[in-house]
Amino acid sequence: MTTMLLQQLRARATPLDKYLFLRDLQRDAEDQFYQLLLRHTEEILPYVYTPTVGEACQRYSHLPISTRGLYLRATEAGSFLDKLRAWPQQIIRVVVVTDGERILGLGDLGAGGMGISEGKILLYTAAAGVHPHLCMPVCLDVGTNNQQLLADPAYKGLRQKRLTGQAYDDVVDEFVRALQQWQPYVLVQFEDFANHNAFRLLERYREQLCCFNDDIQGTACITLAGLLSALRATGTSLLQQRFLFYGAGEAGTGIGELIALALQERHGLTREQGREHCFFMDSQGLVCASRNNLQHHKLPFAHDVPFQRDLISAVRHLRPTALIGVSTIHGAFSADVIQEMAQLNDRPIIFPLSNPTSMAECTFKEAFRGTAGRVLFASGSPFQPITLRRGVVHYPTQSNNAYVFPAIGHAAVLTACSHIPEEVFLLAAEALAHMTTLEELDQGLLFPRFTHVFDVSAELVAVVAQYMVQQGLGKQPADFESVLAAEQPLRAGRTAWEAYGRSKMFYGPDDSTSGPLAKL
Ligand SMILES: O=C([O-])CC(=O)C(=O)O
Ligand SMILES: [Mg+2]
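These figures come from a predicted structure and were not determined experimentally.

Draft legend 1. Main features of the UniProt feature "active site" (unreviewed entry) in the protein chain. Here, the residues flagged by UniProt with the feature "active site" (unreviewed entry) are Y49 and K120. These annotated residues cover 72 residues of sequence, and their C-alpha atoms lie no more than 6.9 Å from one another, placing them together at a single site. Lining the largest pocket, out of the annotated residues just given, are Y49 and K120. For Y49, a relative accessible area of 2% corresponds to the buried category. If sequence neighbours within four positions are ignored, Y49 has contacts with G119, K120, L123, N400, N401, A402 and F405. With respect to the helices and strands, K120 occurs in helix α7 (residues 114-126). Discounting residues that sit within four places of it in the chain, K120 has contacts with Y49, V96, Q189, E191, D214, N401 and F405.

Draft legend 2. Seen up close, the coordination of the magnesium ion (ligand 2). Protein coordination at the magnesium ion (ligand 2): the donors are E191 (OE), D192 (OD) and D215 (OD), at 2.0 to 2.1 Å from the metal. Look at where the donors of the magnesium ion (ligand 2) fall in the sequence and you get E-D-x22-D. Placement of the pair is E191 in the loop between β4 (187-190) and α10 (195-205) and D215 in helix α11 (residues 214-234), with a sequence separation of 24 residues.

Draft legend 3. Examining the sheet that holds strand β6 (residues 243-246) more closely. Pairing in this open sheet of 7 strands is mixed, and the strands run β8-β7-β6-β9-β10-β11-β14 from one edge to the other. Looking at the sheet topology across the chains shown, the edges are occupied by β8 (285-286) and β14 (397-398). Against the sheet, helix α14 (residues 311-318) contacts β6, β7 (278-282), β8 and β9 (322-325), and its axis sits at roughly 170° relative to β6.

Draft legend 4. Structural detail: the layout of surface pockets. As a volume, the largest pocket reaches approximately 730 Å³. Along its surface, the largest pocket is lined by 39 residues, and A251, V326, S327, T328 and S354 are the ones closest to its centre. Within the residue set of the lining of the largest pocket, elements represented by two or more residues are α11, α12 (250-267) and β7. Residues lining the lining of the largest pocket come from more than one domain, with at least three contributed by each of domain 1 (2-209) and domain 2 (217-400). Taken as a whole, the second largest pocket spans an internal volume of roughly 600 Å³. The wall of the second largest pocket is formed by 26 residues, among which E42, P46, P382, F383 and Q398 lie closest to the centre.

Draft legend 5. Layout of the packing of aromatic side chains. Under the definition given, this model contains 13 aromatic pairs. When the centroid spacing of 5.5 Å and the interplanar angle of 55° are considered together, the rings of Y124 and F405 count as tilted. You can see Y124 sitting in helix α7 and its partner F405 sitting in helix α17 (residues 405-415), a full 281 residues away along the chain. Per residue, the accessibility class of Y124 equals that of F405, and both read buried. Geometrically, the ring pair formed by F364 and F377 is tilted, given 4.9 Å between the ring centres and 50° between the ring planes. Of this pair, F364 sits in helix α16 (residues 364-370) while F377 sits in strand β11 (residues 376-379), and the two are 13 residues apart along the sequence. Clustering of aromatic rings is evident, with ring pairs tying together F364, F368, F377 and F383. Its end group placed over the ring of Y47, K18 keeps NZ or CZ at 5.4 Å from the ring centre. Directly above the aromatic system of Y71 lies the positively charged group of R73, at a separation of 4.3 Å from the ring centroid.

Draft legend 6. The arrangement of helix α2 (residues 15-28) in detail. For α2, spanning 14 residues, the distance from its first C-alpha to its last is 20 Å, which sits close to the expected 20 Å at 1.5 Å a residue. Buried-residue contacts for α2 involve α1 (2-11), α3 (30-39), α4 (41-48), α5 (52-58) and α7.

Draft legend 7. Region of the structure containing empty space enclosed by the protein. According to the stated counting rule, one finds 2 cavities of 30 Å³ or more in the structure shown. In this structure, the second largest cavity occupies an estimated 60 Å³ of space. Lining the second largest cavity are Y19, L22, R23, Q26, F33, V48, R68, G115, E118, G119 and L122. Broken down by secondary-structure element, the contributors of at least two residues to the lining of the second largest cavity are α2 and α7. Across the lining of the second largest cavity, the residue classes tally to 5 nonpolar, 3 polar and 3 charged.

Draft legend 8. Main features of the site of ligand 1. In the vicinity of ligand 1, the contacting residues are Y49, T50, R102, L104, K120, E191, D192, D214, D215, N355, N400 and N401. One of the side-chain nitrogen or oxygen atoms of D192 is found 2.9 Å away from an oxygen atom of ligand 1. D215 has a polar side-chain atom sitting 2.8 Å from an oxygen atom of ligand 1. For ligand 1, whose free accessible area comes to 260 Å², the fraction covered by protein is 93%. Along the lines of polarity and charge, the residues of the shell around ligand 1 split into 2 nonpolar, 4 polar and 6 charged.

Draft legend 9. Broad picture of the pattern of salt bridges. A full pass over the atoms with the stated rule returns 26 salt bridges. A salt bridge links K83 to E76, with the shortest nitrogen-to-oxygen separation between them at 3.0 Å. Judged by relative accessible area, K83 falls into the partly exposed class, the value being 23%. We note a salt bridge from K120 to E191, for which the minimum N-O separation is 3.6 Å. Within this pair, whereas K120 is found in helix α7, its partner E191 is found in the loop between β4 and α10, the two being separated by 71 residues in sequence. Judged by relative accessible area, which is 1%, E191 ranks as buried.

Draft legend 10. Representation of the packing of α14 against helix α15 (residues 335-344) in the model. Look at α14 against α15: their axes get within 9 Å of each other, and the N-to-C directions meet at 5°. When the axes of α14 and α15 are compared, the pair comes out roughly parallel. Between α14 and α15, the residues in contact are L311, I312, V315 and R316 and D336, V337, E340, M341 and L344, respectively. Classifying every residue of the contact of α14 with α15 gives 6 nonpolar, no polar and 3 charged.

Draft legend 11. Fine view of the nonpolar core. Counting 102 residues, the largest nonpolar core has I420 and L432 as the members making the most contacts within it. Ranked by residue count, the leading element in this core is helix α20 (residues 453-470), at 10 residues. Within the second largest apolar cluster, 34 residues are counted, among which are I92, V97, V188 and F190.

Draft legend 12. A look at the domain arrangement of the protein chain. Taken domain by domain, the protein chain comprises domain 1 (2-209), domain 2 (217-400) and domain 3 (402-519). Computed from C-alpha coordinates alone, the two centres of domain 1 and domain 2 are separated by 29 Å. Counting from both sides, the interface comprises 14 residues of domain 1 and, opposite them, 13 residues of domain 2. Note on domain 1 versus domain 2: buried area summed over both sides is about 1,100 Å², and carbon and sulfur give 60% of it. Across the contact surface, domain 1 and domain 2 share 1 salt bridge. When the shortest N-O distance is used, the salt bridge between E250 and R102 registers 3.8 Å. Where domain 1 packs against domain 2, one counts 3 residue pairs in polar contact (both at pLDDT 80 or more). Residue composition of the side of domain 1 that touches domain 2, grouped by class: 9 nonpolar, 3 polar and 2 charged.

The rules behind these values
Residues numbered from 1 in each chain as written. Chains lettered and ligands numbered in written order. Predicted model: local features only at pLDDT ≥ 70, side-chain atom pairs only at ≥ 80, totals over all residues. Heavy atoms only, no water. UniProt positions renumbered as here; feature names shortened; annotations may be inferred. 1 Å grid on protein atoms, 1.4 Å probe; cavity = no way out; pocket = protein on both sides within 12 Å on 5 of 7 lines; lining within 4 Å. Buried < 20%, exposed > 50% of the residue type's maximum accessible area, 1.4 Å probe, protein only. Contact = heavy atoms within 4.5 Å. Helix = DSSP H or I, 4+ residues; strand = E, 2+ residues; numbered from the N terminus. Donors = N, O, S within 2.8 Å, 3.2 Å for Na, K, Ca; no water. Pairing = 2+ DSSP bridges. Axes fitted to C-alpha atoms, helices over the stretch in contact; angles between N-to-C directions. Points joined across faces, edges and corners; volume = space filled by probe spheres on them. Domains from an automatic or database assignment. Phe/Tyr/Trp six-rings, centres within 6.5 Å; stacked < 30°, edge-to-face > 60°. Lys NZ or Arg CZ within 6 Å of the ring centre and 35° of its normal. Expected span 1.5 Å × (residues − 1). Nonpolar A, V, L, I, M, F, W, Y, C, P; charged D, E, K, R; others polar. Near = heavy atom within 4 Å. Polar contact = N/O pair within 3.5 Å; in protein donor to acceptor, adjacent residues only side chain to side chain. Areas by Shrake-Rupley, 256 points an atom, 1.4 Å probe, with all protein chains shown as cover. Salt bridge = Lys/Arg side-chain N within 4 Å of Asp/Glu carboxyl O. Parallel < 35°, antiparallel > 145°, perpendicular 65-115°, else oblique. Core = buried A, V, L, I, M, F, W, Y, C linked by side-chain atoms within 4.5 Å. Buried area = accessible area lost by both parts, 1.4 Å probe.

Rendered as structure tokens:
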């Protein structure tokens, strides 16, 4: 059956056609959809997730689809609890929520942001085996500042400017309180909020709610994992690195903070000394002590170094070992920047992380050619491998938070943990970095292939769940042994589909579902 479906999928002309085909399948034959997704994750993911999901969000109101998630609209404030209670499933363990203001690198897509919640939530099942009926995509519709959408007669969201200030905070707060009242235990993943809200909301809720921000913490985790993996290839330590970030938003400073934590916890530096290994450029130039009016989240990284206006002078002056792109500026890593990195380093680390593909700071080919194949490369969106004349294949690494957030979320759910401390992201990054085989590193891969994500997740779930229990943050699940048993050597030969069936035993009787998926 899956072979036939795969053929039908491949016959669809464009990525968006494939996206629509898969959505229809999910609606009409849910179990077949998940079977396909779990058996062919690597092939299917780019159509249900990044990069195609970006286009889907942009055109959301024009697509022939009905939403799979729950909209909570600012005009319905006061009735969020009723709306949640009316949801068809009454046990929910994972919520992905966005307000649509910064969808990937595409900006404010208003109510179209629902597409990102719907896409991300699939990963909990595809990558970590959480039952789909326990997962809920949510979009807070607080208006949009996107003029094109406001002027579009087909736009399905609220036709008003975005709420700001207290009115905005009240909507988010009502959502969080209503959710907590409705569900005794739930994990909340904040996704694609704009910088000005993302940091604030994380600060407000991180200790009172089991939650994380995927763009700050998930991206930091996967990037640190990629860096630690790259250091296995260079044979150098974190202490010897200088990181230059192009872009100083939530992804960039999130990564910087996690690197600083790693240097503190593992190398004995203070947090401040750790941050001194990280330099940031924003739209005005190098973030440094002489700059005025820096945003709050950039201040810890405003070091006492001379200001540099552009990237190439910053590279020449700071001599980074790693260049990390989080700017959503296509082509920002120009040929001269890449060449400079190649001159400075035997194995330059170049990570153009911006999503979707059209926003990447450089392509894999550009980085590979510009460094004569010496680059250690990872990007947020997928690129094609390069085959050299001798038939040797070099693979680009996709450093997408999808490797880690489903497992961390799953561990949080399993242990019903009270909140998710920063150390969890460090632990998960270290564990993932060590799962890459030497053979994979040789081929350019900094992580195991995405085909193995289910095995990767099983190990990460075990590592994180164990930590939660040891720290007294969560309770030991009744069948904890089976969770730990999942921490087996990689590639034990079981398919993700079999593992998915197995993973259902992670849940107690309360969470067993009926309907077509129960038999899986
Ligand atoms: O969705 C992705 O592929 C990664 C991500 O969180 C973002 O770019 O905002
Ligand atoms: Mg995101």
